[in-house]
Every structure is written in C-alpha cells, then in structure tokens.
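# Coordinate analysis (summary)
Below, each chain spelled out in residue letters.
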Amino acid sequence: MTQIKVTGLGDDPMVVRHAFAQFPSGVAVLAVDIDGGKHALVASSFMVGVSLDPCLSAVAVQKTSETWELIKDADSLGVSILARGQSDLTRKLASKNRAARFEQVAIEVGGQGAVFIDDAALWLDCSIYEVSEAGDHWMVLLEVKKLGVGENEPLIWHGAKFRELVDAQSIDVE
Ligand SMILES: Cc1cc2nc3c(=O)[nH]c(=O)nc-3n(C[C@H](O)[C@H](O)[C@H](O)COP(=O)(O)O)c2cc1C
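Everything quoted here is computed from the prediction, not taken from an experiment.

Our focus in this paragraph is the overall build of the protein chain. Across its full length, the protein chain carries 4 helices and 11 strands. Here the C-alpha atoms of the protein chain give a radius of gyration of 17 Å, agreeing with the 16 Å that 2.2 N^0.38 yields for 174 residues. Oriented by its inertia axes, the alpha-carbon framework of the protein chain measures out at about 55 × 45 × 40 Å. When burial is assessed residue by residue, the protein chain has 35% of its 174 residues classed as buried. At a minimum sequence separation of 6, the contacts of the protein chain that also span at least 24 residues come to 64%. Of the accessible surface of the protein chain, which amounts to about 11,300 Å², a share of 53% is contributed by carbon and sulfur atoms. Between the mean site of the 15 positive side-chain charges and the mean site of the 25 negative ones, the protein chain shows a separation of 6 Å.

As structure tokens, then:
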C-alpha cells in the first residue's frame, strides 16, 4: 500500500507543476480569425462543463499570453478539443512562431470568425462570458453558443506527455 504523504509546496515551482501534471486533461485550441489573421491558443486547463444553464466552459490563460491579448475582444471564439493522433498538430499550434501556427493546418472558419480544427473530437462556438483574475492567470468563463461532436476520440495530456485513451476493461480481461 502506498503511504500518503502531503507536504508543503516548497520553493521549486517544478514541484507544483509536476504535481498538477498528474491530473489528466484534454487539449483545447481556442482559435479565431481577425481580419484574415488566424490566432491559436492551446490550453490543457480547459474545462468543458462549468454550468449547463447557461452553458459555460472555462479556461485559465497565462497573463503573459500574447495571443490572449489579440483574441480577448473577439465576438466568437472557436474551441476545438483535439483528437487522438493530433499531438504533432498541438505542438505546431502552440509553437513560439505565432505566424507559422496555421501553416498546412486544415480548418473551418465560422461566420463570426470562430476557427475550428478539422478532425477534432469536439467543437464549441463560444463567446466570452466573464474574465477574472486568478493569480498569474486569467480565469475565463466562456458561454457555449453552438457545438458539434466529432467521431474521433480525444487526445489526452498527462505528465507533460500526450497519451491516448485505453478502455480499462480491456486491460482487466487479459
Ligand atoms: C499541451 C499544452 C497545454 C497548454 N495549456 C495552457 C493553458 O492551459 N493555459 C495557457 O495560458 N497556456 C497554455 N499553454 C501554452 C500556450 O499554448 C502558448 O504556448 C502560450 O500561451 C504562449 O504563446 P502566446 O504568447 O502566443 O499565447 C499550453 C501549451 C501546451 C503545449
């Protein structure tokens, strides 16, 4: 049996990062087209179901994000929850070279500028509902106006690695 040991946060920020990385998540891409320029923000902090009525999702955005400054006033934000097999695409969309993020990336642009990534697991068309301070991040609530469910399973982010879903029962049966 593992002994439970709960300690302080310590001085090394990597300790907290490593601990938080134990929590698995999906990979969301917030994307928008503003006057023909496309902007993408990859976020593993995305939370789908904050409220059903109104239909709200949430995301924590680093205050240092340059992309957030560009997209925070958009009327409509596209959110794509990336799918199994889209890990290279995720790296591309999060690359430092912002101008190259959409090179050879298949997308669709909605009427109000929301950008959706082809072959994702889920698409949400959102408006910004509320932004509040959360330490070194912005806590952003998004109102989901439209959605579409894809046919692909989601990509998983865990322990600073991309992973894929495996049915737990199939392991037990072996
Ligand atoms: C897997 C993954 C998850 C990320 N999750 C977040 C997140 O939840 N919030 C955030 O602000 N940035 C997150 N980032 C970093 C952003 O995608 C982006 O690289 C960063 O904001 C710097 O670019 P920018 O200045 O263009 O925004 C993540 C990056 C990767 C690769």
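Here we take up the environment of Phe162. Along the polypeptide, Phe162 turns up in strand 11 (residues 161-164). By relative accessible area, Phe162 is classed as partly exposed at 23%. Sequence separation of Phe162 and Pro24 is 138 residues, and the distance between their C-alpha atoms is 9.8 Å. Discounting chain neighbours no more than four positions away, the residues touching Phe162 are Val27, Ser87, Thr90, Arg91, Leu155, Ile156 and Trp157.

For the rest of this paragraph, the subject is the UniProt feature "domain: Flavin reductase like" (unreviewed entry) in the protein chain. The UniProt record annotates "domain: Flavin reductase like" (unreviewed entry) at residues 20-164. Structurally, residues 20-164 comprises 10% helix and 49% strand, and the distance from its first C-alpha atom to its last is 19 Å.

This part is about the sheet that holds strand 2 (residues 37-43). Strand order across the open sheet formed by 7 strands is 2-1-5-8-9-4-3, with antiparallel pairing between neighbours. Two strands in the sheet have a free side with no partner beyond their single neighbour: strand 2 and strand 3 (47-51). Going across the sheet, the axis of each strand differs from the next one's by a mean of 40 degrees, ignoring polarity. Across 12 bridges, strand 8 (residues 122-134) lies against strand 9 (residues 137-149) in antiparallel orientation. If you follow Cys126 over to strand 9, its bridge partner there is Val144.

Overall, the coordinates contain 1 aromatic pair when judged by the stated rule. When the centroid spacing of 4.7 Å and the interplanar angle of 55 degrees are considered together, the rings of Trp157 and Phe162 count as tilted. One residue, Lys63, lies across the ring of Trp138, its end atom 4.8 Å from the ring centre.

For the rest of this paragraph, the subject is the site of the ligand. Neighbouring the ligand are 15 residues, the closest being Val42, Ser45, Gln62, Ser65 and Thr67. A distance of 2.8 Å is found between an oxygen atom of the ligand and a backbone nitrogen or oxygen belonging to Val42. Arg101 has a polar side-chain atom sitting 3.0 Å from an oxygen atom of the ligand. Relative to its unbound accessible surface of 620 Å², the ligand loses 80% to contact with the protein. When residues of the shell around the ligand are traced back to their parent elements, those giving at least two are strand 2, strand 4 (56-62) and helix 2 (66-71). Residues that form the shell around the ligand fall into these classes: 7 nonpolar, 5 polar and 3 charged.

Bringing the pattern of salt bridges into the picture now. Counting across every chain of the model gives 8 salt bridges. A salt bridge links Arg91 to Asp88, with the shortest nitrogen-to-oxygen separation between them at 3.0 Å. Of this pair, Arg91 and Asp88 are both found in helix 3 (residues 87-93), 3 residues apart, which corresponds to roughly one turn of the helix. Glu143 is the salt-bridge partner of Lys145, the closest N and O atoms lying 4.0 Å from each other.

What counts and what doesn't
- Residues numbered from 1 in each chain as written.
- Predicted model: local features only at pLDDT ≥ 70, side-chain atom pairs only at ≥ 80, totals over all residues.
- Heavy atoms only, no water.
- Helix = DSSP H or I, 4+ residues; strand = E, 2+ residues; numbered from the N terminus.
- Rg over C-alpha atoms; globule rule 2.2 N^0.38 Å.
- Buried < 20%, exposed > 50% of the residue type's maximum accessible area, 1.4 Å probe, protein only.
- Contact = heavy atoms within 4.5 Å.
- Areas by Shrake-Rupley, 256 points an atom, 1.4 Å probe, with all protein chains shown as cover.
- Lys, Arg positive; Asp, Glu negative; His and termini not counted.
- Charge placed at Lys NZ, Arg CZ, Asp CG, Glu CD.
- UniProt positions renumbered as here; feature names shortened; annotations may be inferred.
- Pairing = 2+ DSSP bridges.
- Axes fitted to C-alpha atoms, helices over the stretch in contact; angles between N-to-C directions.
- Phe/Tyr/Trp six-rings, centres within 6.5 Å; stacked < 30°, edge-to-face > 60°.
- Lys NZ or Arg CZ within 6 Å of the ring centre and 35° of its normal.
- Near = heavy atom within 4 Å.
- Polar contact = N/O pair within 3.5 Å; in protein donor to acceptor, adjacent residues only side chain to side chain.
- Nonpolar A, V, L, I, M, F, W, Y, C, P; charged D, E, K, R; others polar.
- Salt bridge = Lys/Arg side-chain N within 4 Å of Asp/Glu carboxyl O.

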